[in-house]
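Residue strings, one per chain:
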Amino acid sequence: MSQRESTLVLEDFQLDYFKLQKRVFQVLKILHGNSYSFYMRSLSPGLLAIIIISLIFNVSYEFKGGDIAIYSLIFVGFSQVLLKSIVLNVYPKEIRELIDWIGAFHVDSKWMNSKPIVRERFQATLRYFKAVVKFVLVGNILTIQLLALLYCFNGTLLFRIPFVSYLHENIQFFWQYIAMTYTVFYFASIEFISFFFGFYFVAILSIYIKSIEKLDDENFVKSSRNHLKDYHHKHLQILQKLEDFVKIFSFILNAQSVSYLPLLINTFYNITIHPNFFINYLLLSAVVSQLFEICLLGEFFDSKTTEINRKLYLMKWYEMSRDDKMILVLMLRMTIKPFSLKAAGIYNINMMAFVDFIKFSFSFCAVLNALT
């Protein structure tokens, strides 16, 4: 929070946000050491890479054909965590700038006319954010913890310390538990940051849409000229931040879009082979929930930016000044094409994509079952 912001009398929803922002920065400090040095930022990705190497080393040491499904599932999942870790450590400054912008949005004086809208929306966003984070992240952590304990009890060793395979199996199992526990908590920290951006970008888009509705009030439009200039400036700012968000996380989105299909097929197939194995259902719920999160975020981006175009099109433009009408035309042209998350810059990531993923996975598993 800047010195200027600290002199303001903040409301409860603003104070609550800055408490959350402090926790977000604490999580980022854990993820990349709160340092821009290459050494500090490479520690966590380096440890994750060692964990993945220990998985590969164990495959070469004692590979069993029946374990190929679980090996591939864990390898893809852990590789995703490593890729997310690398991205977060490549763009630490850009991520912090986005967080600061969201914080500045809470105290922006230009939104005084829409203060009730801002307050109501951000209060609801914080409430939903806390509930979803507790439910999803705790569920994922418990799933991996149960999986790690189950492997210990069953004597299943997937992670072996590289180049020291002669160590006692108890030490190897201890390393496996540490590796899986560290990775899942690191994953939870990354997902916390992803949830934060998703919830607050959707909230800001919703606030902007609600504020556009005020332009239907003739008294508001006539009270001052050039209202659209401020709206246009905010619109450009929001679009720029969305582009920055996609620039930072596009590699992750592409990697996840490619990997979720084999993950889904793998988990569905494991369930058909071992329908009484409860852990498979937990793994399936974790994979489906992560895919659902990404597709839902893409759906919100698409629908909210489409709603902006609709609101602008239906407003009382004939009550506006000539300058505002010209700006309105520019804004309409900018919003003709909605902002969408895309895989490889081609395939839209939305709820339709989620349905397509699930349908294809079911169909592919049916073919595999028919062939085996």
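Worth saying up front: this structure is predicted, and the values here are computed from it rather than measured.

**Here we look at the UniProt feature "transmembrane region" (unreviewed entry) in the protein chain**
- UniProt annotation of "transmembrane region" (unreviewed entry) refers to residues 38-57, 69-91, 135-163, 183-209, 245-265, 277-301 and 353-371 when read in the numbering used here.
- A helix fraction of 100% and a strand fraction of 0% characterise residues 353-371, whose end C-alpha atoms lie 27 Å from each other.

**Some thoughts on the environment of Ile-279**
- Its location among the elements puts Ile-279 in helix 11 (residues 278-314).
- Residues Ile-279 and Leu-150, 129 residues apart in the sequence, show an inter-C-alpha distance of 8.8 Å.
- What Ile-279 contacts, discounting residues up to four positions off in sequence, is Thr-143, Leu-146, Leu-147 and Leu-150.

**With respect to the pattern of salt bridges**
- Inspection of every chain in the model, using the stated rule, returns four salt bridges.
- In this structure, Arg-310 engages Glu-307 in a salt bridge whose closest nitrogen and oxygen atoms are separated by 2.8 Å. In this pair, Arg-310 and Glu-307 are both assigned in helix 11, three residues apart and thus about one turn of the helix distant.
- Residue class for Arg-310 comes out partly exposed when judged on its relative accessible area of 40%.
- The residue Glu-307 makes a salt bridge to Lys-311 at a minimum N-O spacing of 3.8 Å. Of this pair, Glu-307 and Lys-311 both sit in helix 11, four residues apart, which is roughly one turn of that helix.

**As for the packing of aromatic side chains**
- Using the criterion set out here, one finds 28 aromatic pairs in the structure.
- Here the aromatic rings of Phe-78 and Phe-159 are separated by 5.3 Å at their centres, their planes lie at 35°, and the arrangement is tilted. Here Phe-78 is found in helix 5 (residues 68-90), whereas its partner Phe-159 is found in the loop between helix 7 (115-154) and helix 8 (169-212), with 81 residues between them in sequence.
- For Phe-78, a relative accessible area of 9% puts it in the buried group.

**Observations concerning the side chain of Thr-183**
- Mapped onto the elements, Thr-183 comes out in helix 8.
- A residue is classified by how much of its surface remains accessible, and Thr-183, at 3% relative accessible area, is buried.
- Within the structure, the side chain of Thr-183 is placed 2.7 Å from the backbone oxygen of Ala-179, a separation counted as a polar contact.
- Residues in contact with Thr-183, not counting those within four places in the same chain, are Leu-48, Ile-51, Phe-78 and Val-81.

**Describing the packing of helix 7 against helix 11**
- Relative to each other, helix 7 and helix 11 sit at 150°, their axes nearing to 10 Å. As helix 7 packs across helix 11, the resulting crossing turns out to be left-handed. Residue-level inspection shows Val-136, Asn-140, Thr-143, Leu-146, Leu-147 and Leu-150 of helix 7 in contact with helix 11, the latter providing Ile-279, Leu-282, Leu-283, Ala-286, Gln-290 and Glu-293.
- Here the residues of the contact of helix 7 with helix 11 are counted per class, giving eight nonpolar, three polar and one charged.

**So, the side chain of Thr-335**
- Inspection of the secondary structure assignment puts Thr-335 in the loop between helix 12 (322-334) and strand 1 (342-343).
- Within the structure, the side chain of Thr-335 is placed 3.0 Å from the backbone oxygen of Met-331, a separation counted as a polar contact.
- In this structure Thr-335 touches His-235, Thr-305, Ile-308, Asn-309 and Leu-312, once residues within four positions along its chain are discounted.

**Details of the packing of helix 6 (residues 92-106) against helix 8**
- Viewed as axis vectors pointing N to C, helix 6 and helix 8 meet at an angle of 40°, and their least axial separation amounts to 11 Å. Here helix 8 runs oblique to helix 6, going by the angle between their axes. In this structure, helix 6 meets helix 8 at a crossing whose hand is left-handed. Each of Ile-95, Leu-98, Ile-99, Trp-101, Ile-102, Phe-105 and His-106 in helix 6 lies in contact with helix 8, whose residues at this interface are Phe-196, Phe-197, Tyr-200, Phe-201, Ile-204 and Ile-207.
- Residue composition of the contact of helix 6 with helix 8, grouped by class: twelve nonpolar, one polar and no charged.

**Brief notes about a positive patch on the surface**
- Together, Lys-19, Arg-23, Lys-130 and Lys-134 make up a region of like positive charge exposed at the surface.
- Elements supplying a minimum of two residues to the positive patch: helix 2 (12-32) and helix 7.
- Position of Arg-23 relative to the elements: it lies in helix 2.
- Given a relative accessible area of 37%, Arg-23 falls into the partly exposed group.

**Details of the environment of Gln-145**
- Looking at the secondary structure, you find Gln-145 in helix 7.
- Along the backbone, Gln-145 and Met-180 are 35 residues apart, and their C-alpha atoms lie at a distance of 7.6 Å.
- Excluding residues within four positions of it along the chain, Gln-145 makes contact with Tyr-177, Thr-181 and Val-184.

**Re the nonpolar core**
- Formed by 108 residues in total, the largest nonpolar core has its most connected members in Phe-122, Phe-159, Phe-192, Phe-196, Phe-197 and Phe-301.
- Examining the composition of this core, we find that 23 residues originate from one element, helix 8, more than from any other.
- Those residues in contact with Phe-301, other than ones at most four positions away along the chain, are Phe-201, Val-202, Leu-205, Leu-242, Phe-245, Phe-339 and Leu-341.

**Points about helix 8**
- With 44 residues, helix 8 extends 64 Å between its outermost C-alpha atoms, agreeing within 8% with the 64 Å of an ideal straight helix rising 1.5 Å per residue.
- For helix 8, a buried count of 33 out of 44 residues is recorded, marking the element as mostly surrounded by other parts of the structure.

**Points about helix 12**
- Between its first and last C-alpha, helix 12 extends 19 Å over 13 residues, near the 18 Å set by a 1.5 Å rise per residue.
- By the burial criterion, the buried members of helix 12 are Asp-324, Ile-327, Leu-328 and Met-331. Projected down its long axis, helix 12 shows its buried positions confined to an angular sector of 110°, all on one face. Opposite the packed face of helix 12, turned more than 90 degrees from it, sit the exposed residues Arg-322 and Arg-333.

Rules used in this analysis
Residues numbered from 1 in each chain as written. Predicted model: local features only at pLDDT ≥ 70, side-chain atom pairs only at ≥ 80, totals over all residues. Heavy atoms only, no water. UniProt positions renumbered as here; feature names shortened; annotations may be inferred. Helix = DSSP H or I, 4+ residues; strand = E, 2+ residues; numbered from the N terminus. Contact = heavy atoms within 4.5 Å. Salt bridge = Lys/Arg side-chain N within 4 Å of Asp/Glu carboxyl O. Buried < 20%, exposed > 50% of the residue type's maximum accessible area, 1.4 Å probe, protein only. Phe/Tyr/Trp six-rings, centres within 6.5 Å; stacked < 30°, edge-to-face > 60°. Polar contact = N/O pair within 3.5 Å; in protein donor to acceptor, adjacent residues only side chain to side chain. Axes fitted to C-alpha atoms, helices over the stretch in contact; angles between N-to-C directions. Left-handed = near helix turned anticlockwise from the far one by under 90°. Nonpolar A, V, L, I, M, F, W, Y, C, P; charged D, E, K, R; others polar. Parallel < 35°, antiparallel > 145°, perpendicular 65-115°, else oblique. Patch = residues over 30% accessible without salt bridge, like charges linked within 9 Å, V, L, I, M, F, W, Y side chains within 5 Å. Areas by Shrake-Rupley, 256 points an atom, 1.4 Å probe, with all protein chains shown as cover. Lys, Arg positive; Asp, Glu negative; His and termini not counted. Charge placed at Lys NZ, Arg CZ, Asp CG, Glu CD. Core = buried A, V, L, I, M, F, W, Y, C linked by side-chain atoms within 4.5 Å. Expected span 1.5 Å × (residues − 1). Arc of directions from axis to C-beta.

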